[in-house]
Amino acid sequence: QRMMKDLSRIYAELDNRDEEIRVHERIAELYQTGLSIDATWALIKLGRFDEAREISEQAIHAPDNFYASQAYNNLTAIEDAKHSHLAAYHASQKAYDFSAGKSCVIGTNYARSCCLLLEYDKASELYLKARNAQRDCVISPIRELARLYILDAAWQRAISAMEQVQKQYIEKQLVSQ
């Protein structure tokens with residue numbers, strides 16, 4: 001199973017979502033399970049939103065809820081991919097509440113949803129909180145904050161934020177998408 005999961009990650013890195021899903025389906029067939037939460041990103045990229053939503057909802061309501069944060073974040077990604085900004089906002093709000101603001105990724109996604117609804121003050125606050133959250137971001141939330149300052153024509157704040165980003169070290173990590 002480990003080798004097959006590694007193979008699915010390789011296909012993900014190559015952005016070959018069809019093959020990635022085939023590997024996940026083969027794992028599910030061999031172990032007589034449904035598709036795992038790991039398959040949802042590929043399903044989203046392939047536009048198979050209902051399947052991705054079903055897997056995510058199952059993970060949220062699972063007794064151990066080990067993957068619930070990821071599942072809540074997937075619901076945000078589904079709505080983003082469908083360009084349903086208000087639904088993405090609500091989904092990201094639920095994800096943020098569930099994670100208690102401890103995930104940089106979820107906080108940053110929530111802030112982006114706020115930006116799309118022109119809630120810049122709230123987005124700014126969320127980016128700043130995400131900076132101090134779990135180190136699960138691949139891009140600094142302060143970099144995103146700098147972009148927000150540019151949109152808001154707050155030039156000095158944007159320059160200051162970018163100076164902070166240049167000083168900040170982000171640990172390289174393999175991220176499954």
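Residues numbered from 1 in each chain as written. Predicted model: local features only at pLDDT ≥ 70, side-chain atom pairs only at ≥ 80, totals over all residues. Heavy atoms only, no water.

Q: Please provide a residue-by-residue account of the overall build of the protein, values included.
A: Helix and strand counts for the protein stand at 10 helices and 0 strands. Taken from N to C terminus, the helices and strands of the protein fall in the order α-α-α-α-α-α-α-α-α-α. Of all 177 residues assigned to the protein, the portion counted as buried reaches 39%. Counting contacts in the protein only where the partners sit at least 6 residues apart, residues at least 24 apart contribute 47% of the total. Per element, the accessible surface of the protein, about 10,900 Å² overall, is 51% carbon and sulfur. (Helix = DSSP H or I, 4+ residues; strand = E, 2+ residues; numbered from the N terminus. Buried < 20%, exposed > 50% of the residue type's maximum accessible area, 1.4 Å probe, protein only. Contact = heavy atoms within 4.5 Å. Areas by Shrake-Rupley, 256 points an atom, 1.4 Å probe, with all protein chains shown as cover.)

Q: Can you break down the pattern of salt bridges residue by residue, with the values?
A: A side chain of one charge can pair with a side chain of the opposite charge when the charged atoms of the two come close. Counted according to the given criterion, the structure contains 12 salt bridges. One continuous salt-bridge network, built from bridges that share partners, spans Asp15, Arg17 and Glu20. (Salt bridge = Lys/Arg side-chain N within 4 Å of Asp/Glu carboxyl O.)

Q: Go over the packing of helix H5 (residues 68–81) against helix H6 (residues 85–99), please, and point to the residues and values.
A: Helix packing geometry: the angle between the two helix axes and the distance between the axes. Relative orientation of the contacting elements H5 and H6 amounts to 165°, with a least axis distance of 8 Å. Regarding the angle of H5 to H6, the classification is roughly antiparallel. H6 is crossed by H5, and the crossing has left-handed handedness. Contacts between H5 and H6 involve Ala68, Ser69, Tyr72, Asn73, Leu75, Thr76, Glu79 and Asp80 on the former and, on the latter, Ala87, Ala88, Ala91, Ser92, Lys94, Ala95, Phe98 and Ser99. Residue composition of the contact of H5 with H6, grouped by class: 8 nonpolar, 5 polar and 3 charged. (Axes fitted to C-alpha atoms, helices over the stretch in contact; angles between N-to-C directions. Parallel < 35°, antiparallel > 145°, perpendicular 65-115°, else oblique. Left-handed = near helix turned anticlockwise from the far one by under 90°. Nonpolar A, V, L, I, M, F, W, Y, C, P; charged D, E, K, R; others polar.)

Q: Explain the state of the cysteines to me, using residue names and the numbers behind them.
A: Enumeration according to the criterion identifies 1 disulfide in this entry. Here Cys114 stays unpaired: no disulfide links it, and the sulfur of Cys115, its closest cysteine neighbor, is 7.1 Å away. (Disulfide = S-S within 2.5 Å.)

Q: Give me the lowdown on the packing of aromatic side chains, citing residues and values where you can.
A: Applying the stated criterion across every chain, the model contains 4 aromatic pairs. Summarising the aromatic geometry, the rings of Tyr72 and Phe98 are spaced 5.0 Å apart at their centres and angled 35° between planes, so their arrangement reads as tilted. With Tyr72 in helix H5 and Phe98 in helix H6, the pair connects residues that are 26 residues apart, well separated along the chain. Here Phe98 falls in the partly exposed class, since its relative accessible area comes to 36%. Relative to Tyr110, the ring of Tyr89 has its centre 5.8 Å away and its plane inclined at 50°; by these criteria the two rings are tilted. You can see Tyr89 sitting in helix H6 and its partner Tyr110 sitting in helix H7 (residues 104–116), a full 21 residues away along the chain. Each of the two residues, Tyr89 as well as Tyr110, counts as buried. Among the aromatic residues, those joined into a cluster by ring pairs are Tyr89, Tyr96 and Tyr110. (Phe/Tyr/Trp six-rings, centres within 6.5 Å; stacked < 30°, edge-to-face > 60°.)

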